[in-house]
Amino acid sequence: MGFDGLEMGAGGGVRKPGRARESSSECLQFQPTSQSQSQSAALPPLSRPLPRIPPPIPSQDPLFLSFRSPPPLPQPPRAPSPISMPIPVSYACMSPIHSLPVELLTRIFQLGVDSDPLPDDQYPGEPTFEVLVSHVCRHWRQIAIHTPHLWTTIHFRTRAHMVRGETYLSRNGHLPIDIYVDTCSEDDYKERKDLLFREQFLPVFDVVLPHINRWRELHLKVADLECKSFARRVLSTCGTAPALQTLQLWHVQNWRTSERLYNHIGPPPVVVFGGSLPSLKHIILQGVNLPWSRSPFLRDLTSIEFALHSDNVRMPFDLWREMLDSSPNLTRLSLLFAGPRAAPSGTSPLPDGIEWWGAEPPPPDAVVPPGAPLPPSVDPIQLPQLRELQLNNLESDYLIALFRTLHAPGVRALHLGLDFDDQDATPFMEYLAAPPRHPAAKLRGPSDGSSSNGSSNGAGGAPCPKFPALERLSVSALKCSVPSWRALLAASRKVTRLEVDFAQLSEGAFDVLLECIPSLPDSDSEKGDVALRENGASDDAKVNGKGKGKARATDADAGSDSDDSRDSPNPTSTHANGTSSPSPSSSSSTPMVPILPLLSSIRVSGVSGAQLAHLAAFRRAHGRALRRWEVDECARDEDAEALERAMAARSAAWRAAREAEERAAGRACQPWRWDEPLERLVWFREEEECGSEYDEEDEEEYAEEDGEGEDGEG
């Protein structure tokens, strides 16, 4: 209770037991006025003394004793008050948050650190969460300093960070640590001498190498060939890191062109960590290759990211297959100008080039000589747990050959950035939409109704796409024909989120979103679609005042001349190639639904406000309105702002209708509940370069203050 250990005085004051009120140093005693004296004299005496409340038993917990509130601060004298009672001055009264238990504040601090962006995603010079909370007050600083979990991420980018790193290591106890070392290029070092460069590289590892047994993550970035040679020396002699789960090695030197990257001849790779990383789960290699045959730790991985590997340093296909076969729990695969080697090695007695491992399976009537090696597409690599796939800067023929050897039916998220050297990705798009069937292919893996190469028939006899469970499609760049783009979207019926930069796609790619495809009511996709949109369609009817079953809601502010055509007896959707498809209200015997029927969220750039308004009206007219729109600021114009206002009005009317329905049904109102708006448009801006936001003085100030003793005042 709030009065433990306090005693009520006769005049209504509060004082600590066993101390005279007049001599209390924590009370400000004021001289009463004559009016207050007369009022005090008129008070009747107490019939019996108030009961004495025993003081609380002091806690013996050392953590509690170390975090007790400090003694009250001395208060300046104030003018006489007409009130005759003493006014206690308490530190807790000055700031109520100090009444929170230490354990609760510690938990809040831990959640704040866990939600803080990674050092790679933070603006340079921006203080981290643990530094901020340790500079609020003495009480919070003591709690933060004695919470080891807050100091487990150590980032080295400037010289001042070396002292800060030592301070972090002294505060995180024996917990696993995550290390980020970010060195600069020679050009950057000429402009800013405080950045880590060649002279500071080895001293940084002198700080962290004594704690190698506690390394949980190592993220090492170099932008200079000499720094890279230092990294080779350190990692080849440091020994094993038994607790290391994430290894990220980046050589981010600007090669200007792919030819310079391809023709660069560096020293042969070295064995890192003695070839032993027993806990490794995540590997990220960008511009860095390893001696693949002497890296046995490349197995049992859950995340693989390879980038900027010229073909002559890529992994041979037999080792590539061994790595994936030994990683059945792989959930993420990212390739940026990387993958298995395409050219034959010339040293293997068996074929190992892309002409062999990327070949199609032989037809059923083919005569295969006894003992002849069959291509890997006959027995593809099984990746049942793969959920996220990223493909960037790879040729179409290479990708088709690669995915003939992979079977990953559970992929949920696909990112495409295929603008490599003006290569046409049309064949790969057609392959993803409808990969060819190969009856001779060996079936292996779960019986999910698809062959190992992922090309069985879908519902209604339609070809099954390569990734039938795809839910999220992201495209940053894609050079392909509009028909192949349409084929990919038409085959991806389960996609619920679409992220596209239409400025990097062919002209007419956006118009594909205004087309319809035949509904497949017998498939699981369409059944889920009906269940998902049933409430949305009825909500649209309520908002727009339509009768039951009328879900063709339109928006007056977002409409256009083309909207009137949808109310005609036979409305159609115009394709980019000049053809048209009937809308759901046409006389066609097959029901039609918009392309991507389950789509509920979209993030777009490179479009106009009029195009967005057209798409919004089209989806509403078919009862498939999108709930969340993320639009690039560059598309902000009068049409886009009108669409934003219309969505806000529709959402407000929908919420009011739901609240009225709940009141009519007698259900209690829940003011704390927040429902996702019926439709919402938010703006985003592409991230700018972080260098302009850097404040060198602020970072040095925080680094110096972090180097203070534990009792230092923040």
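So, here is what we can say about the structure in this document. (Residues numbered from 1 in each chain as written. Predicted model: local features only at pLDDT ≥ 70, side-chain atom pairs only at ≥ 80, totals over all residues. Heavy atoms only, no water.)

A few points about the packing of aromatic side chains
Thinking step 1. Per the counting criterion, the structure on display carries 13 aromatic pairs.
Thinking step 2. Centroid distance Trp-215 to Phe-273: 6.4 Å. Interplanar angle 85°. Geometry classified as edge-to-face. Placement of the pair is Trp-215 in strand S7 (residues 215-222) and Phe-273 in the loop between helix H11 (258-263) and strand S9 (282-286), with a sequence separation of 58 residues.
Thinking step 3. Taking the centre distance of 5.2 Å and the plane angle of 80° together, the rings of Phe-502 and Phe-510 count as edge-to-face. In this structure, Phe-502 and Phe-510 share a single accessibility class: buried.
Thinking step 4. Taken together through their ring pairs, the aromatic side chains of Phe-317, Trp-356, Trp-357 and Tyr-398 make up a single cluster.
Thinking step 5. Above the ring of Tyr-398, the side-chain terminus of Arg-314 is found at 5.4 Å from the ring centroid.
Thinking step 6. The positively charged end of Arg-627 is found above the aromatic ring belonging to Trp-654, 5.4 Å away from the centroid. (Phe/Tyr/Trp six-rings, centres within 6.5 Å; stacked < 30°, edge-to-face > 60°. Helix = DSSP H or I, 4+ residues; strand = E, 2+ residues; numbered from the N terminus. Buried < 20%, exposed > 50% of the residue type's maximum accessible area, 1.4 Å probe, protein only. Lys NZ or Arg CZ within 6 Å of the ring centre and 35° of its normal.)

Focus: the packing of helix H7 (residues 160-171) against helix H9 (residues 198-208)
Thinking step 1. Between H7 and H9, whose axes approach to 10 Å, the crossing angle comes to 10°. In terms of orientation, H7 and H9 fall into the roughly parallel class. Where H7 abuts H9, its residues Met-162, Glu-166 and Leu-169 lie against Gln-200, Pro-203, Val-204 and Val-207. (Axes fitted to C-alpha atoms, helices over the stretch in contact; angles between N-to-C directions. Parallel < 35°, antiparallel > 145°, perpendicular 65-115°, else oblique. Contact = heavy atoms within 4.5 Å.)

Some points on the packing of helix H15 (residues 426-433) against helix H16 (residues 482-491)
Helix-helix packing: each pair is described by the crossing angle between the helix axes and the interaxial distance.
Thinking step 1. Direction vectors running N to C along H15 and H16 enclose 20°, while the axes themselves pass 8 Å from each other. Considered as vectors, H15 and H16 are oriented roughly parallel to each other. Judged by the sense of rotation from one axis to the other, the crossing of H15 with H16 is left-handed. Here Thr-426, Met-429, Glu-430, Leu-432 and Ala-433 of H15 lie close against H16, whose contacting residues are Ser-484, Ala-487, Leu-488 and Ala-491.
Thinking step 2. Partitioning the contact of H15 with H16 into residue classes produces six nonpolar, two polar and one charged. (Left-handed = near helix turned anticlockwise from the far one by under 90°. Nonpolar A, V, L, I, M, F, W, Y, C, P; charged D, E, K, R; others polar.)

Observations concerning the pattern of salt bridges
Thinking step 1. Evaluated as defined, the whole model comprises 23 salt bridges.
Thinking step 2. Note that Glu-388 and Arg-332 form a salt bridge whose closest N and O atoms lie 3.5 Å from each other. With Glu-388 in strand S13 (residues 388-392) and Arg-332 in strand S11 (residues 332-336), this residue pair connects regions lying 56 residues apart in the sequence.
Thinking step 3. Judged by its relative accessible area of 29%, Glu-388 falls in the partly exposed class. (Salt bridge = Lys/Arg side-chain N within 4 Å of Asp/Glu carboxyl O.)

Regarding helix H4 (residues 102-114)
Side chains that are three or four residues apart share a direction in an α-helix, a result of its 3.6 residues per turn.
Thinking step 1. Look at H4: 18 Å from first C-alpha to last across 13 residues, which is about the 18 Å you get at 1.5 Å a residue.
Thinking step 2. Taken as a whole, H4 has its buried residues at Val-102, Leu-105, Thr-106, Phe-109, Gly-112 and Val-113. Seen from one end, H4 has its buried residues packed into an arc of 125°, which puts them on one side. Set apart from the buried face of H4 by more than 90 degrees, the exposed residues are Glu-103 and Asp-114.
Thinking step 3. The secondary structure elements touched by the buried residues of H4 are helix H5 (129-133) and helix H6 (138-145). (Expected span 1.5 Å × (residues − 1). Arc of directions from axis to C-beta.)

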